[in-house]
Structures are given as C-alpha cells and as structure tokens.
Amino acid sequence: MNELSDVLVAECARAVRDAVPLIAGRIPAGPAARLGRLAVPDDEITAGRDAWGSTGPAAAAHPTVPGGSVDPAALVALRGLGHLSTERLLGALELTVADLTLSGVPDLSQLLPPPPTKGQFLFATTGHDGEALSAVTLLERLRPGIVDLVETLTRRLAAHPHVAPLLAVSPGADNGSDVDVDGSGADSAGSGTAREAAMVARHGAGHLALAVATAVAVVDQARIPPIVDRAVATVGLGLGVAVEILRRAPMPPGYADALLARIRDEFAPMRSFERVEVTGQRFALREGQRPVLPVVTDDAFAGNGLVAVVDGGAVVRTGATNGVVSVEFAVLAQPPEEVSLSGWEEVVEVSWRAAQGRASLVGATDVGGGPWRQRRRNRTAPWPGDYRLRVHAQGRDDGDNEFERYELMVWPAPPTPDVVHLRTDRLGHRLRGEPEPVRQPRPEHAYRWVRRGPLSVAGTVTVATGVTVDDVLRAFGADPARPTAIDEIEQQMYGGGRLDPWVTVRDTGGAVIVVEVNGYEGTHGSVLCTASARGRAASMFWNVNAVTRLSFAERGELIESFEPWGDTEVAPVVAETIAGLDFDVPRDRVEKGLVAVERFTGYGVTEADVARIWDAGVGFRVTDQDRSLT
C-alpha cells in the first residue's frame, strides 16, 4: 500500500467532515456510550459492559486465509464485539449509509492492490457471524488491505484540523446530557452519572461516525462486486475500525473528573466475597491507580498482631505464606451495631486516612501479568477522609489456605486508637510478643479432608454398627449380589442415562461405612432404623446449597434427624453427642457433623477409608426406593 500523503489526507478531511455530524446523529446514545468507554479499565466502571465484553486490548489476530496470513486488527475487533451490538448499530446506520454520497473524495484506488481478475474464490462463513461481520470479511478477501487502509486513514483524519474539532468533547459543554444513554433514569445534566454518560456517548459517536464516513470514501472507490452489500460492509468496516481505535484512544479532557462524579453518585454500601492472593504472608487494602503490596516487616504488626496501617491503606498479616485465602469484604455507611466474635480467632480494629478513596484489595508485589488480574480493585468508598477498618481472622495457625479466612469491614469514622477485640491465635500472640496460648486442636479439623475429595460438593456419610455389609446394603435398598463399577454408574449418570441413587460401602471390622456422592439415602428414617437393628447408625448429609441433616438411630428406632444448628432441642443422648460442637458457627458444619457421627457410633471415618472405597471402584444401585424421610 502506498503512503498516505498529507495532501491526500487533507482532501479526504474536506470530503468527510460534513458527513460526520450527519452519521453521528443517527447513532443511538447507549451503544455510543459503550463504545466511548472502551479505553476505560473494566474495574473502573461496569455500566454497559455486558454487551461489549472486555475493554482491554483486542484479541490477537489469527490466521484465517490460506497461506498463513492474518486478519487485520479492526476485523478481529469487529469479530469480538458481539453479534447483537453490531446488528443494532447496523440497523441504525444502514439506511443513512446506503443514501450517502461523498463529494470531493480524492483518488484512493492507488492505495489498494487491484481486485482479482481471474481464477476462482471460495468464501465460507458461519451462521453465527452476523450480516456485518460476514460482509466485512468477504470485502477484505476480495480487496486485501482495505480494512487496514480505512483504519490508517481514519487515524490520520482524526488528527486533522478540519476533523479533530468534530471529535472534541468538552466537560462543561452540552454533549447531549439530556439523553438517558444507559437507561438509568438519570437525566439531570448536573448529575455525575448523566455527565459521564454524555461525554462517553459523544466520544464514541464521533469516532464511529468518522470511521464510517472514511469507510464510505474508500469502499466507493474499491470497485466491489455486487456480491458484497455496500451499506452493510461499510457500516461493519467503520464499526470495526472505531472499536480498534477507541480501545486505545485517550479519553476526553475532564473525563476522569466526570467518571469520579458518576462513581460517587452511584456508590452504595456493599458486601462481597473474594479469593485474595497472598504474597509473603500478607495482603493489603490500599489506594492507588495500580496499588502494590507494600513491604513491611513483622515489627509493624507488634501492636495488635494482625493489621499494620501504611500510607494509603493497611496490610493484613496472614498465616499462609502464599496462595489465596477467602476474604469477606464489607463497605458500610456507619459503624456495625456490634462486634462479631463468634467463629473468629482474632478481631482487630484500626483507623486509616484515605487520600482519595477507592482502595483495592492487593495481594501481589508486582504490577503486571497474572497476579494483577487477581486484585480486587476500588473496593472502598470513593471519597477521601478518615475510616475505621475492622479485620476478623480465623485459621492463621492451621497451615492450610483452604481454611484460612478473613472479614474486612470499612466505614467512615474519626481516628481512634487500635482496639484488639479478640486475641486467641498463636500467631497473633507471637507478633505481639506475648506468650503463646496452649490451644487444643478442634476435633472437626480431623475431617477437613472431606472438602477435597469426591465428597467436596455434596454427599452423605453413614456409619452403622452391629451389622454386616449385606445387612446395610439391604437397608439402603441395594442388592448385595449386584455390584456395579463406579465408573459405569458415573458414566451413565453424567451421560444422561440412569439416575438411580447409588451407594458405596466399606467394612472396617467394627463398623460399616456407607458413602454417597451427591446422594441422601442415608437420611431416610426407615434406612437408619433398619441399619441400626442390632446397634447404632448415624449419618451426616450436606449439599451445595449448604443444606445439612444430622441423623441418629439405635436398636431400630430413630432418635433424631435435624438440621444441626446451635439452638436445636434434641434427645439427651444426642445432646451429649454434640456437646462442645458449636453449630451456631456455620464454619466446618459438615466436619462437626462427622465428629458427632463418630462419637455416636464409635468409629471415625478417615480419608483413607474413602480412598480405599474408590480404589475398589465398586458401587451398588439403590433399586428399592420406597422409603420416607422421618
């Protein structure tokens, strides 16, 4: 392709400048605003992102043409835009472009290779491409280089004195702010939401209109065959070029202030659940456009054993060295009514001053690549000022990231001294220079293996004593004489075949274990009564919805079957069994239930038991399901 001379660009600028306002006036404000936000990072504002996908760099081009060539960047951008958004803009502009003729356009044919004059051409497209994408793809195949030419010319025109004023967006000017571009109902020109939306709509519409006008100038000289719909290809080509340009275009002057005003208008207290990356036994809550985890020594935690206040935020000291931990994060408008201590081991409250607000959860020391994607940005209120931060911690002594968790609560409050509301873990005592407490291991911790194996999502574990494996299988409605490979059962279930309940069993010598993956036969009263005919039986059930059921039977009678919560009234023998197991705290409820099963039956199911069951690979289908839940 020959170079675009300044003279040629100037002639094109004079030819397209009158068409830009005409086309811009036909572009719906909503799609224009979403286009105008393409250069705004995803985590800055979420309005309008559902239809346009990621606003980061365009996906890399990939070979699509015989010979190993690659699609132009603007064509890739159009492909990534999404069918519905593309077709909406096509519908808005197609008729206008079909009737549009530009005068004074210089000869651009020299900038394209000549069209093919002989041979055969095969073009294939999928039914999901949409009309515009198919037309632009065909156009590029027939006139290779036309997409890149339109993009290059559009970029040059955007900077030309005849065209640049048409793209300018002034913060205080009337940019159409009376239009509800996002469907938010905020139509006041003075509101931050309306001001930001009007700016990005004007920004997006101007660039799209210029790209479409430029596409008209080029396509009309490209001698395209009738197989290509001129209007459809032109709109699609302009849209792909606009997306590619807008992804990296600078935002209008004053946009940062307008965006902040919108964020403040729309801010509300919130609560979220995060998985935060830990680096060097630390994660942080910190302000900044691209905040990093500050380097602090353990001496910084000597005051309270958990949190160190730093410039622009605070650092939390974890037990885990690296990996991820669970964090519940709450931004409040006022102080919480009470200090929650139940289920926590350390609770500390500190004050910190925000220079600008919108602090982020940070867990990596570098600012690029994969770790940056795991940060949870802009969590706190978007105002400077004094804030109170309360940090709850559990599991720092356990040495297992999966069970280490935190809750952070932030609200505006004047600065006050640090408060340690709860101090019970060994790490906190070490950091504060205090003697470590002697802590007996919680019995439920022995069952944490259940969260990592085949029972991690849902299942039932039943233990029965005084009976044989055959007795237990019959109690469950299974035939001991008809074992089936577990692989076969699972293949039929997941392949849309039979959905019969099924169980696996293991005879430990003193008890029979029944394990059900995503099953609940062991919760039926009739099953437990039969299985406990000559001894005891107990089961613990749980599912993905956090529904649980703990059941006990002895000598053929059901004693209790209930959802284990702390205030449940139960028979004395069951009350003795669950004594000391704090079911008021949801954490480790399944594991606590398995401790109760162990106490009642005298046998504790181990990870090795379940592993042996799966190594054996034998299951039994439940064919007699005529039982009722008691």
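These numbers were taken from a predicted model, which means no experiment stands behind them.

## Topic: the overall build of the protein
For step 1, the next point in the chain: When helices and strands are counted, the protein shows 19 helices and 20 strands.
For step 2, the next point in the chain: Split into buried and exposed, the 630 residues of the protein put 51% on the buried side.
For step 3, the next point in the chain: For the protein, restricting intrachain contacts to residue pairs at least 6 apart in sequence, the fraction spanning at least 24 positions comes to 76%.
For step 4, the next point in the chain: Surface accessibility of the protein: about 27,700 Å² in total, with carbon and sulfur atoms responsible for 52%.

## Section: the pattern of salt bridges
For step 1, the next point in the chain: For the structure shown, the criterion picks out 34 salt bridges.
For step 2, the next point in the chain: Taking the shortest distance from any N to any O, the salt bridge between Glu434 and Arg432 comes out at 3.1 Å.
For step 3, the next point in the chain: Glu434 sits in the partly exposed class, given a relative accessible area of 24%.
For step 4, the next point in the chain: Take Arg432: its relative accessible area is 11%, and that puts it in the buried class.
For step 5, the next point in the chain: One salt bridge in this structure joins Asp588 and Arg448, with 3.1 Å as the shortest N-O distance. With Asp588 in the loop between helix 17 (572–577) and helix 18 (589–601) and Arg448 in the loop between helix 13 (426–432) and strand 13 (459–464), the pair connects residues that are 140 residues apart, well separated along the chain. The residues Asp588 and Arg448 share a single accessibility class, namely buried.
For step 6, the next point in the chain: Connected through shared salt-bridge partners, Arg37, Glu196, Arg262 and Glu266 make up one network.

## Focus on the nonpolar core
For step 1, the next point in the chain: In this structure, Leu208 and Leu237 are the most contacted members of the largest nonpolar core, which totals 77 residues.
For step 2, the next point in the chain: At 15 residues, helix 9 (residues 192–219) tops the list of elements feeding residues into this core.
For step 3, the next point in the chain: Those residues in contact with Leu237, other than ones at most four positions away along the chain, are Val136, Leu139, Val147, Val150, Ala215 and Val219.
For step 4, the next point in the chain: Formed by 33 residues, the second largest nonpolar core is a distinct cluster that contains Tyr447, Val461, Val515 and Phe562.

## With respect to unusual backbone geometry
For step 1, the next point in the chain: The backbone of Gln281 sits at a positive phi, close to 65 degrees, despite the residue not being glycine.
For step 2, the next point in the chain: Note that Gln281 resides in the loop between strand 3 (270–279) and strand 4 (282–286).
For step 3, the next point in the chain: With relative accessibility at 22%, the residue Gln281 sits in the partly exposed group.
For step 4, the next point in the chain: A positive phi angle is found at Asn518, which is not glycine, with a value near 60 degrees.

## Description of the sheet that holds strand 6 (residues 313–317)
For step 1, the next point in the chain: The antiparallel open sheet is built from four strands, whose spatial order is 5-6-4-9. For this open sheet the edge positions go to strand 5 (307–310) and strand 9 (360–362), each flanked by a neighbour on one side alone. Direction aside, neighbouring strands of the sheet carry axes that sit 20 degrees apart on average.
For step 2, the next point in the chain: Bridge count between strand 4 and strand 6: five bridges; the pairing is antiparallel. Along strand 6, the bridge assignment pairs Arg282 with Arg317.

## Here we look at the environment of Gly319
For step 1, the next point in the chain: Positionally, Gly319 belongs in the loop between strand 6 and strand 7 (322–331).
For step 2, the next point in the chain: Between the C-alpha atoms of Gly319 and Gly399, which are 80 residues apart in sequence, the distance is 6.7 Å.
For step 3, the next point in the chain: Setting aside residues no more than four positions away along its own chain, Gly319 makes contact with Gln281, Arg396, Glu404, Tyr406 and Leu427.

## Concerning the side chain of Thr96
For step 1, the next point in the chain: Counting through the fold element by element, Thr96 comes out in helix 5 (residues 83–98).
For step 2, the next point in the chain: Contact partners of Thr96, with chain neighbours within four places excluded, come to Leu22 and Arg26.

## Some words on the pairing of strand 8 (residues 346–354)
For step 1, the next point in the chain: Counting buried residues in strand 8 gives eight out of nine residues, a clear majority hidden from the surface.
For step 2, the next point in the chain: When strand 8 meets strand 10 (residues 385–394), the two strands line up antiparallel, connected through nine bridges. Bridge pairing in strand 10 places Val347 opposite His392.
For step 3, the next point in the chain: Of the pairings in the sheet, the one linking strand 8 to strand 12 (residues 419–423) comprises four bridges and is antiparallel in character. Among the inter-strand pairings, Glu349 is bridged to a residue of strand 12, identified as Val419.

## Let's talk about a negative patch on the surface
For step 1, the next point in the chain: A contiguous patch of negative charge on the surface is contributed by Asp567, Glu569, Asp582 and Asp584.
For step 2, the next point in the chain: In this structure, Asp567 sits in the loop between strand 19 (557–562) and helix 17.
For step 3, the next point in the chain: A relative accessible area of 65% means that Asp567 is categorised as exposed.

## Observations concerning the packing of helix 3 (residues 29–36) against helix 9
For step 1, the next point in the chain: As a packed pair, helix 3 and helix 9 sit with axes 6 Å apart at the nearest point and diverge in direction by 90 degrees. Relative to helix 9, the element helix 3 lies roughly perpendicular. Two secondary-structure elements touch here, helix 3 through Ala29, Ala32, Ala33, Leu35 and Gly36 and helix 9 through Ala197, Val200, Ala201, His203, Gly204, Ala205 and Leu208.
For step 2, the next point in the chain: Its residues assigned to classes, the contact of helix 3 with helix 9 comprises nine nonpolar, three polar and no charged.

## Re the sheet that holds strand 12
For step 1, the next point in the chain: A sheet is described by the order of its strands in space; here six strands give the open sequence 3-7-11-10-8-12, paired in mixed fashion. This sheet does not close on itself; its edge strands, each paired only once, are strand 3 and strand 12. The sheet shows a mean angle of 25 degrees between the axes of neighbouring strands, direction not considered.
For step 2, the next point in the chain: Examined bridge by bridge, strand 3 and strand 7 share 10 bridges and lie antiparallel to one another. If you follow Arg271 over to strand 7, its bridge partner there is Ala330.

## What to know about the confidence of the model for the protein
For step 1, the next point in the chain: Mean pLDDT over the protein: 87, with 86% of residues reaching 70 or higher.
For step 2, the next point in the chain: Every residue in residues 176–189 is under pLDDT 50, and counting partners more than four places away or in other chains gives 26 contacts.
For step 3, the next point in the chain: With pLDDT under 50 throughout, residues 366–375 is counted as low confidence; its partners more than four residues away or in other chains account for 20 contacts.

Quick notes on the rules
- Residues numbered from 1 in each chain as written.
- Predicted model: local features only at pLDDT ≥ 70, side-chain atom pairs only at ≥ 80, totals over all residues.
- Heavy atoms only, no water.
- Helix = DSSP H or I, 4+ residues; strand = E, 2+ residues; numbered from the N terminus.
- Buried < 20%, exposed > 50% of the residue type's maximum accessible area, 1.4 Å probe, protein only.
- Contact = heavy atoms within 4.5 Å.
- Areas by Shrake-Rupley, 256 points an atom, 1.4 Å probe, with all protein chains shown as cover.
- Salt bridge = Lys/Arg side-chain N within 4 Å of Asp/Glu carboxyl O.
- Core = buried A, V, L, I, M, F, W, Y, C linked by side-chain atoms within 4.5 Å.
- Pairing = 2+ DSSP bridges.
- Axes fitted to C-alpha atoms, helices over the stretch in contact; angles between N-to-C directions.
- Patch = residues over 30% accessible without salt bridge, like charges linked within 9 Å, V, L, I, M, F, W, Y side chains within 5 Å.
- Lys, Arg positive; Asp, Glu negative; His and termini not counted.
- Charge placed at Lys NZ, Arg CZ, Asp CG, Glu CD.
- Parallel < 35°, antiparallel > 145°, perpendicular 65-115°, else oblique.
- Nonpolar A, V, L, I, M, F, W, Y, C, P; charged D, E, K, R; others polar.
- pLDDT = per-residue confidence, 0-100.

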